[in-house]
Amino acid sequence: MQPSSYHLENTWSPEGGKHGRLTLTLFNFSDAPLENFRLAYTTLTRLVDPQACDNAVFVRRNANFHEFAPPAGLSIAPGGSWTFTVSALHRIARHCTDGAKSAYVTLEDGTHVTVFTSDLLLADRVSEPPPVLLPGGRLELPYAIQPWPAEIDAKPGEDFPVALYPAEGSDAASIKALAAAQALFRRLFPSNHIPFSLIAAPQGRALRFVERPALAREAYELSFSGDEIVLAFSAEAGRLYGLTTLAQLLDGARREPGKFRFPVSGVIADRPRYGWRGCHLDVSRQFTPKDDVLRLLDILAWLKLNIFHWHLTDDEAWRLEIRAYSQLTTTGVLRGPDEPLLPQLGNAAEPVGGFYSQDDVREIVAHAMALGIEVIPEIDVPGHSTATLVALPDLTDGQEAPDSYHSVQGFPNNALNPAIELTYEFLAKVFDEMVELFPSEYIHIGGDEVANGSWLASPLARKLMEQEGISGTFALQSYFLKRIKAMLTARGRKLAGWNEVAHGGGVDPEGTLLMAWEKPEVGIDLAREGYEVVMTPGQAYYLDMVQADAWQEPGASWAGTVPPAHTYAYEAEGDFPDELKHLMKGVQACIWQENFISRDYFNRLVFPRLPAIAEAAWTPKAQKDWLRFAAIVPLNPKL
Ligand code: ACM
């Protein structure tokens, strides 16, 4: 990367205005004076009052995008700087990542130049450094299995086999499964010695595959002895999980022989605690290239997770190719200084886009399926739809006052309008293409964070409410979602959504699964209403949340501070009454990517909390052990 000619420093002080004050200083390291320019930056710590800036002129704001001009006549000499303040913010800053995430200047001739942006520094207070989040850990049994199995009674050996190979007479399907496990391992750990061989290996150990119909689909049993290992299973999933456990055991023993061993005798009898063991990925705020999605799926498989919830659309971009509406992945993905969608969340002078073609989707779905993972696609409606509405302006009510409501993220008028028939025609075509691409039982339709007050300034929506005898945003949302549910039912699919789907009357709970994200108690309320529930509370399972209170720890904090130890210990079933527990289907990690502007950032926030959720999803409560987890988790692959 070229050194940048301009640098932006920013500090936050708790004093000086509503929710404190940001002070921004732009340095000019170019050879020419900087004048007649504008500065744009993106930040989650938004300005709420355009008047409340000093030594700058507010130009415009859209969600996290802010643009300012210097005072008339200002010229920044080479080596000089310009400082201004913004002092009415929509929330306080708590961490070094709450400041400008990106910036650019627009020069007099209209060209845009990216500005280097630094961490947000804390003024007038002690800036705490990040604490150590993961202890060294402690092992009672020297095995590198994660998630930890339900039952283990095995004696550690003094050494370990060079590789495991199929016992004579193994069936073709099992040999093929072994080959797939080899390939998964090689993708995850390109330089580690492979744990499996398809041919008998000197100093290896034979692996005998035994079908045992009494075992559950995802269960398996491993019996160890000096001459062979028996893997019992009833279905492909159990066979795959048994092989994964063997690969982990052998890889751990080889990598850290002083710490981990391979069993010489005894039994591992294993099965998951929950049927729904999910990981969500938001690819709208930041685009995750196909190869990274494939690798994430490999990591999920290694952790015995079985659901990939793919959040494909949001205000910031629509990422799924829909043949009937090519605008969605042209106009609806490109964010840039001169595009209809402005830079957000770490974007600067260069326009950024990215979407998944239908061929990409087929490849990803097939890859997941081979790893025992179901892909649940999400199209987030009716809220979170800025990108859709920018791409397809016919979906708006032309008579609706602009800026008549704002989402919690600051987007104006961002919800699909339930009173426009074209909305349903559009979604019908989208669903038609989705059911061809995704074999999943569920289609997730979002349903979250529709701002109270949405549509009330739309004459078409007002008319519909009158006709239907309903009033208010959430009653209208319920009307919309009932129609959406009928459309999915007609296509043989069940509806999944976020917990707000239940607002305003909700939808028929039969065949509906909702994700409780706002707080844990919501999950119990939903179950009481008859909905099936997956627990994804932000306070434990949102992996974008900061991991410590310290200022220098990166992350978002609106749902609180979520240390890995808390994510691990959190019991999603917690206060569920016994009679409702059958409706609690499992747990899910959520990777919201607003802040995820580099791979390094992704890995720092997602690990070790993703493996922590995987263990909470798989391992019986009585077997959970944070220190054992901490001792094993450094072996895990990252993106
Ligand atoms: C959500 O976090 N809006 C589901």
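What you see is a predicted model, and the numbers here were worked out from it, not measured in a lab.

With respect to the overall build of the protein chain
And then number 1: Of the regular secondary structure elements, the protein chain holds 14 helices and 27 strands.
And then number 2: In terms of overall size, the protein chain behaves like a compact globule, its C-alpha atoms giving a radius of gyration of 27 Å where 639 residues would be expected to give roughly 26 Å.
And then number 3: Projected onto the principal axes, the alpha-carbon positions of the protein chain cover approximately 85 × 65 × 45 Å.
And then number 4: Buried positions account for 59% of the 639 residues belonging to the protein chain.
And then number 5: In the protein chain, once contacts between residues fewer than 6 apart in sequence are set aside, the share between residues at least 24 apart is 72%.
And then number 6: On the protein chain, roughly 24,000 Å² of surface is accessible, and the fraction owed to carbon and sulfur atoms is 52%.

Focus on the pairing of strand β1 (residues 6–13)
And then number 1: Here β1 pairs with strand β2 (residues 21–28) via eight bridges, running antiparallel. Across the sheet, residue L8 finds its bridge partner in β2, namely L26.
And then number 2: With five bridges joining them, β1 and strand β11 (residues 112–122) adopt parallel strand pairing. Paired with H7 across the two strands is F116, which belongs to β11.

Description of the sheet that holds strand β16 (residues 228–233)
And then number 1: Spatial ordering of the open sheet is given by β12-β17-β15-β16-β14-β13, a layout of six strands whose pairing is mixed. The sheet terminates laterally at β12 (151–156) and β13 (164–166), the two strands that pair on one side only. Here the strands of the sheet are splayed against their neighbours by 20° on average, with no regard to which way each runs.
And then number 2: Looking at chain direction, strand β14 (residues 205–211) and β16 are connected through six bridges and run parallel. Counterpart to E211 in the pairing with β16 is F233.
And then number 3: Packing of helix α1 (residues 172–188) onto the sheet brings it into contact with β13, β14 and β16, and relative to β13 it is tilted by some 150°.

Focus on helix α8 (residues 473–490)
And then number 1: Compared with the 26 Å implied by 1.5 Å per residue over 18 residues, the 26 Å span of α8 between its first and last C-alpha is a close match.
And then number 2: Along α8, the residues that are buried comprise T473, A475, L476, Q477, S478, Y479, F480, L481, I484, K485, M487 and L488.
And then number 3: Where the residues of α8 are buried, they touch β22 (374–381), α6 (421–437), β23 (442–446), α7 (459–468), β24 (494–498) and β25 (512–516).
And then number 4: Looking at the residues trailing α8, positive phi occurs at G492, about 75°.

Examining the side chain of T106
And then number 1: The topology assignment puts T106 in strand β10 (residues 100–106).
And then number 2: Polar contacts involving the side chain of T106 include one to the side chain of H112, which spans 2.9 Å.
And then number 3: Those residues in contact with T106 that sit more than four places away from it in its chain are N36, F37, R38, E67, T111 and H112.

Some points on the environment of V352
And then number 1: Structurally, the position occupied by V352 is in the loop between β21 (317–318) and α4 (358–370).
And then number 2: For V352, a relative accessible area of 33% corresponds to the partly exposed category.
And then number 3: Setting aside residues up to four positions removed in sequence, V352 forms contacts with V333, L334, R335 and N347.

Some details on the pattern of salt bridges
And then number 1: Tallied over the entire structure, the rule returns 32 salt bridges.
And then number 2: Among the ionic pairs, R628 bridges to E615, the shortest N-O distance being 2.7 Å. Taken as a pair, R628 in helix α14 (residues 626–632) and E615 in helix α13 (residues 609–618) lie far apart in primary sequence, 13 residues in all. By the burial criterion, R628 is buried, and E615 matches it.
And then number 3: Overlapping salt bridges, with partners in common, bring together R273, E571, E573, D578, K581 and K624 in one network.

What about the sheet that holds β11?
And then number 1: Taking strand neighbours across the sheet as the criterion, the nine strands line up as β5-β9-β2-β1-β11-β10-β4-β7-β6 in an open arrangement whose pairing is mixed. Two strands lie at the open edges of the sheet, namely β5 (53–54) and β6 (57–62), each paired on one side alone.
And then number 2: Note: strand β4 (residues 38–43) against strand β7 (residues 65–69), four bridges, orientation antiparallel. Its bridge partner being in β7, T42 is matched across the sheet by F65.

Side note on the packing of aromatic side chains
And then number 1: In the structure shown here, the tally under the stated rule is 31 aromatic pairs.
And then number 2: The interplanar angle of 80° and the centroid separation of 5.6 Å between the aromatic rings of F37 and W82 together place this pair among those described as edge-to-face. Here the residue F37 occupies a position in the loop between β3 (34–35) and β4, and W82 occupies one in strand β9 (residues 81–86), the gap between them amounting to 45 residues.
And then number 3: Note on W82 and F84: the rings are 4.6 Å apart at their centroids and 20° apart in plane angle, and the pair reads as stacked.
And then number 4: The buried category is assigned to F84, whose relative accessible area is 1%.
And then number 5: The positively charged end of K304 is found above the aromatic ring belonging to W618, 5.7 Å away from the centroid.
And then number 6: Positioned over the ring face of Y568 is K624, at 5.6 Å from the centre of the ring.

Comments concerning the pairing of strand β19 (residues 307–311)
And then number 1: For β19, a buried count of five out of five residues is recorded, marking the element as mostly surrounded by other parts of the structure.
And then number 2: Burial along β19 is two-sided: the face carrying I307, H309 and H311 and the face carrying F308 and W310 are both buried.
And then number 3: Read as a crossover between parallel neighbours, the route from strand β18 (residues 276–282) over helix α3 (residues 290–302) to β19 is right-handed.
And then number 4: Across five bridges, β19 lies against β22 in parallel orientation. Paired with H309 across the bridge in β22 is I376.

Concerning the environment of A317
And then number 1: As for its position among the elements, A317 is in strand β21.
And then number 2: The exposure class of A317 is buried, given its relative accessible area of 0%.
And then number 3: Separated by 11 residues in the primary sequence, A317 and L328 have C-alpha atoms spaced 8.4 Å apart.
And then number 4: If near-sequence neighbours (up to four positions away) are discounted, A317 is found in contact with S284, L312, G332, V333, R335 and A387.

Some details on the confidence of the model for the protein chain
And then number 1: Chain-level statistics for the protein chain give a pLDDT mean of 97 and a share of 100% at 70 or above.
And then number 2: In the model of the protein chain, β5 stands out as the element of lowest mean pLDDT, 96, in contrast to β19, which has the highest, 99.

Conventions we followed
- Residues numbered from 1 in each chain as written.
- Predicted model: local features only at pLDDT ≥ 70, side-chain atom pairs only at ≥ 80, totals over all residues.
- Heavy atoms only, no water.
- Helix = DSSP H or I, 4+ residues; strand = E, 2+ residues; numbered from the N terminus.
- Rg over C-alpha atoms; globule rule 2.2 N^0.38 Å.
- Buried < 20%, exposed > 50% of the residue type's maximum accessible area, 1.4 Å probe, protein only.
- Contact = heavy atoms within 4.5 Å.
- Areas by Shrake-Rupley, 256 points an atom, 1.4 Å probe, with all protein chains shown as cover.
- Pairing = 2+ DSSP bridges.
- Axes fitted to C-alpha atoms, helices over the stretch in contact; angles between N-to-C directions.
- Expected span 1.5 Å × (residues − 1).
- Polar contact = N/O pair within 3.5 Å; in protein donor to acceptor, adjacent residues only side chain to side chain.
- Salt bridge = Lys/Arg side-chain N within 4 Å of Asp/Glu carboxyl O.
- Phe/Tyr/Trp six-rings, centres within 6.5 Å; stacked < 30°, edge-to-face > 60°.
- Lys NZ or Arg CZ within 6 Å of the ring centre and 35° of its normal.
- Right-handed = clockwise from strand over helix to strand, strands pointing away.
- pLDDT = per-residue confidence, 0-100.

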